[in-house]
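So the chains spell out like this:
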Amino acid sequence: MKNSIVNKTLSEQIFEALREKIIKGELQPGDRIVELEVAKNYGVSQAPVREAFLKLAEEDLVVTQRNKGTFVSNFSLDEIDQLYDFRLTVEEFAIKRAFERLTDEDIEELKNYHNEMVLAGVNNDLEKIRIADEDFHTKIYKTADHKFLSNVWESLTSKLSRIWYLNSQVYFTDLSELANIHEPILRAFQNRDLDGCIHAFHEHVNYERQQRSSLPSSSEVQSKNHK
């Protein structure tokens, strides 16, 4: 059965559909994505698919190799380390700005996102807990009220979500763990404890960072691409 898309911006819809498949691991690192096949699958011309591929490349979700095709990208362990290092620096700055502008309503919204994580953990719903996790951190950036910070976070989200999703499927048999590691961050926001919040955030990121070895190696992907 063909997928159907009803939207004025076909390229955006195809981009979002493929992006989600890559993030969830339905399309694995090294998998080839064929423009003509995608066009046939969605019942569209190749033009919007080509535009969608360009957007995916901008987010480093795919790479195109001359005379070989377009493949789902991979992360090396070094790249993942660099990504976490960068996130620690950027989000710490976002937290500091957020504390300068923090309202009771902001704290309540963070609490609601955390509650959604808790409920998703109880129900063992990986997708809902991923979305609530992303919403929780996005709220911090929104509260920071810094255009360039928000742009950076938006560009990081797809990469972090891929790593998070792959790791979560391997390492978290009890999804409630994912909600629990956010609780100290929320509590620090509630107590207006900036230092405690930064410390809790570092603990949270470094905990996730330790799970990174679940990703396939670059050599595995390269081998797959040459088959």
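This text goes with the structure placed above it.
Draft legend 1. Structural context of the environment of arginine 97. Among the structural elements, arginine 97 can be located in helix H4 (residues 77-101). Setting aside residues up to four positions removed in sequence, arginine 97 forms contacts with Ala144, Asp145, His146 and Leu149. A polar atom in the side chain of arginine 97 sits 3.0 Å from the backbone oxygen of aspartate 145.

Draft legend 2. Region of the structure containing unusual backbone geometry. Positive phi is not limited to glycine here, since aspartate 60 has a value of about 60 degrees. Inspection of the secondary structure puts aspartate 60 in the loop between helix H3 (46-58) and strand S2 (62-65). Classification of aspartate 60 by relative accessible area gives partly exposed; the value is 42%. One non-glycine residue, asparagine 124, lies in the positive phi region at around 55 degrees. Within the secondary structure, asparagine 124 is located in the loop between helix H5 (104-122) and helix H6 (126-144).

Draft legend 3. Inspection of helix H2 (residues 35-42) at higher detail. If you check which residues of H2 are buried, you get Glu35, Val38, Ala39 and Tyr42. Down the axis of H2, the sector holding all buried residues measures 100 degrees, keeping them to one side. Residues of H2 that are exposed and point over 90 degrees away from its buried face: Glu37 and Lys40. Where the residues of H2 are buried, they touch helix H1 (10-24), strand S1 (32-33) and H3. Residue glycine 43 follows H2 closely and has a positive phi angle near 65 degrees.

Draft legend 4. The arrangement of the side chain of arginine 130 in detail. Position of arginine 130 relative to the elements: it lies in helix H6. Leave out the neighbours within four places in its chain, and arginine 130 touches Glu20, Ile23, Ser161, Trp164 and Tyr165.

So, how was this worked out
- Here the residue numbering is sequential within each chain, running from 1 through the sequence in written order.
- Reporting of local features is limited, given that this is a predicted model, to residues whose pLDDT is at least 70; pairs of side-chain atoms are given and counted only at 80 or more, and all residues count toward the totals for whole chains, interfaces and linings.
- The side-chain figures draw on all heavy atoms in the structure; neither hydrogens nor water molecules are used.
- Segments assigned H or I by DSSP are reported as helices when at least four residues long, segments assigned E as strands when at least two residues long, and all are numbered from the N terminus.
- Whether two residues are in contact is decided by their heavy atoms: any pair within 4.5 Å suffices.
- Nitrogen and oxygen atoms within 3.5 Å of one another constitute a polar contact, given that in protein one can donate a hydrogen and the other can accept it, and given that sequence-neighbouring residues count only through two side-chain atoms.
- Three labels apply to residues, based on accessible area from a 1.4 Å probe with only protein chains included: buried if under 20% of the type maximum, exposed if over 50%, partly exposed otherwise in between.
- Our arc is simply the arc of the directions from the helix axis toward the C-beta atoms.

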